[in-house]
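So you can see what is in the structure, the chains are spelled out below.
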Amino acid sequence: MIAYSNFAPMHTQIKHELDEAYKRVMDSNWFILGKELKLFEQEYADYCGSKYCIGVGNGLDALHLIIRGYGIGEGDEVILPANTYIATALAVSYSGAIPVFVDCDRDTYNIDVSQIENKITSKTKAIIAVHLYGKTAEMETINKIAKKHNLKVIEDAAQAHGAYYKGKRVGNLGDAAGFSFYPGKNLGALGDAGAITTNDKQLAEKIYALRNYGSVEKYHHIYQGFNSRMDELQAAFLRIKLRYLDEWTEQRRKIADYYLEKLADLDVKLSNTENKEENVWHIFPVITKYRESVKKEMERNEIGVLTHYPIPIHLQEAYRELGYEQGDFPVSEQYAQQEISLPIWVGMTKKDCDVVVDIFRYAVKEQV
């Protein structure tokens, strides 16, 4: 059996350090907005190359608080890719704004930058650039469009910790970035957590307050805020994991390179390998018209696989009110029907990878 994801090798490697961090926090008797969070915020800001980092409850909250921090709300529009997890759209909806979808690029899976300007109206306030699967969006073009139309650029970097775009790390490619540290992420907490990075001092100061009931001084509230604070335990655990992130990313890249080499001759679509050294491979996606048959064969052989994502946001019941129909975003819809994600995790052995490759090759060739 090979699981789709497996945290055990990674956590075994650092168990002693995690135990020490747990003891340190317990002994401090300080669990919210303390020393560990301040240290993590500084260390993660340094890692991303940004001036500020604000630790929050989860990745959805990170995006939502950025949108709120910029004063985007009722009646405003925010552009985002149709091919992403629903949290990206929910962050917009929570603010009262309207998510406006753009189809994805056939080669990169990220937002198709050639279609963005067609969706800009007088109500548009921001573009959310999702770095899907660990590959950065085309930020140079997105930033040019945003500057031309006076829009904010928000990175959804939930799947891209440590990824690069033309020599700069994510978290420092737009006006602000939202990160998730859900346990399955490349940099994952041992529970829920998220963060915002930015170089915008005014935004950072507002979000520091918004995450804590709208308060910067106890019992003095300048905003109608929220309760979204990364706790001390998660901050302590993330500080340890951050030190290993680049090492672990290299392991993921080696696995991805192996898959790319061994599956190249199959009748499937693999990830675009342009600037692949900048990709952190949170997910290894494969597009195949035989998805359901291949998935069954992989599962029959106890190989864990997933689909990201089987129903596009615009066709979800939750967003029926927006009036989208089947066929509105053909590339995103095609990939929803054909994408399959292969196991890729820290600690996978060559033997594990060989089994995945062998079964996948067999499953695809059986359909040809």
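Residues numbered from 1 in each chain as written. Predicted model: local features only at pLDDT ≥ 70, side-chain atom pairs only at ≥ 80, totals over all residues. Heavy atoms only, no water.

## Examining the overall build of the protein chain
A count of helical and extended segments in the protein chain gives 11 helices and 13 strands. Its C-alpha atoms give the protein chain a radius of gyration of 21 Å, near enough to 21 Å, the size a compact globule of 368 residues would have. Considering the protein chain as a whole, with its 368 residues, one finds that 56% of them fall into the buried category. Relative to all contacts within the protein chain whose residues are 6 or more apart in sequence, the contacts with residues 24 or more apart total 71%. For the protein chain, the exposed surface amounts to about 16,400 Å²; the carbon and sulfur share of it is 48%. (Helix = DSSP H or I, 4+ residues; strand = E, 2+ residues; numbered from the N terminus. Rg over C-alpha atoms; globule rule 2.2 N^0.38 Å. Buried < 20%, exposed > 50% of the residue type's maximum accessible area, 1.4 Å probe, protein only. Contact = heavy atoms within 4.5 Å. Areas by Shrake-Rupley, 256 points an atom, 1.4 Å probe, with all protein chains shown as cover.)

## Some points on the pattern of salt bridges
Counting across every chain of the model gives 20 salt bridges. Where Glu117 meets Lys148, a salt bridge forms, and the shortest distance between an N and an O atom there is 3.2 Å. Of this pair, Glu117 sits in the loop between strand E3 (98-102) and strand E4 (124-130) while Lys148 is found in helix H6 (residues 139-149), placing the two residues 31 residues apart along the sequence. Assessed through its relative accessible area of 61%, Lys148 is described here as exposed. When salt bridges that share partners are traced, they join Arg24, Glu36, Glu43 and Arg239 into one network. (Salt bridge = Lys/Arg side-chain N within 4 Å of Asp/Glu carboxyl O.)

## A few points about the side chain of Ser271
Structurally, the position occupied by Ser271 is in the loop between helix H8 (232-262) and strand E12 (284-287). In this view, Ser271 contacts Tyr109, Leu260, Trp281 and Pro285; residues no more than four positions away in its chain are not counted.

## Concerning the layout of surface pockets
Considered as a void within the structure, the largest pocket measures approximately 870 Å³ in volume. The wall of the largest pocket is formed by 42 residues, among which Gln159, Tyr182, Gly184, Lys185 and His282 lie closest to the centre. Those elements that place two or more of their residues in the lining of the largest pocket are helix H4 (59-69), helix H5 (86-94), strand E8 (176-180) and H8. Residues of the lining of the largest pocket, tallied by class, amount to 22 nonpolar, 16 polar and four charged. Taken together, 18 residues make up the lining of the second largest pocket; nearest its centre are Thr108, Lys135, Thr136, Glu138 and Tyr165. The class makeup of the residues in the lining of the second largest pocket is five nonpolar, six polar and seven charged. (1 Å grid on protein atoms, 1.4 Å probe; cavity = no way out; pocket = protein on both sides within 12 Å on 5 of 7 lines; lining within 4 Å. Points joined across faces, edges and corners; volume = space filled by probe spheres on them. Nonpolar A, V, L, I, M, F, W, Y, C, P; charged D, E, K, R; others polar.)

## A look at the packing of helix H2 (residues 15-28) against H8
Between H2 and H8, whose axes approach to 9 Å, the crossing angle comes to 150°. By the angle between their axes, H2 is roughly antiparallel relative to H8. The interaxial crossing formed by H2 with H8 has right-handed handedness. Touching Glu17, Leu18, Ala21, Tyr22, Arg24 and Val25 of H2 are Glu232, Leu233, Ala236, Phe237, Arg239, Ile240, Arg243 and Tyr244, all from H8. (Axes fitted to C-alpha atoms, helices over the stretch in contact; angles between N-to-C directions. Parallel < 35°, antiparallel > 145°, perpendicular 65-115°, else oblique. Left-handed = near helix turned anticlockwise from the far one by under 90°.)

## Here we look at the packing of H4 against helix H7 (residues 201-210)
Between H4 and H7, the least distance of the axes is 9 Å, while the angle of their chain directions is 120°. Relative to H7, the element H4 lies oblique. As for the relative orientation of H4 and H7, their crossing is right-handed in sense. Contacts between H4 and H7 involve Leu65, Ile66, Arg68 and Gly69 on the former and, on the latter, Leu203, Lys206, Ile207 and Leu210. Of the residues contributing to the contact of H4 with H7, the split by class is five nonpolar, one polar and two charged.

## Things to note about unusual backbone geometry
With an omega dihedral of 10°, the bond running from His308 to Tyr309 counts as a cis peptide bond. Among the secondary structure elements, Tyr309 is positioned in the loop between helix H9 (291-300) and helix H10 (330-338). The phi dihedral of Tyr109 is positive, around 75°, even though this residue is not glycine. Look at Tyr109 and you get buried, because its relative accessible area is 3%. Of note in this structure, Trp281 is not a glycine but carries a positive phi near 50°. Within the secondary structure, Trp281 is located in the loop between H8 and E12. Using a relative accessible area of 1% as the deciding quantity, one classes Trp281 as buried.

## Examining the sheet that holds E8
The seven strands are arranged E1-E9-E8-E5-E4-E2-E3 in an open sheet whose pairing can be described as mixed. Both outer strands of the open sheet, strand E1 (52-56) and E3, are each paired with one neighbouring strand and no more. Across the sheet, the mean angle separating the axes of adjacent strands is 25° when strand polarity is ignored. Each of E1, E8 and strand E9 (194-198) touches helix H3 (residues 35-48); the most contacted strand, E1, lies at about 130° to it. (Pairing = 2+ DSSP bridges.)

## Quick notes on the environment of Ala363
Topologically, Ala363 is positioned in helix H11 (residues 350-365). Overall, the relative accessible area of 1% leaves Ala363 in the buried class. Between the C-alpha atoms of Ala363 and Gly59, which are 304 residues apart in sequence, the distance is 35 Å.

Everything listed here is a matter of geometry and, on its own, says nothing about what the molecule does.
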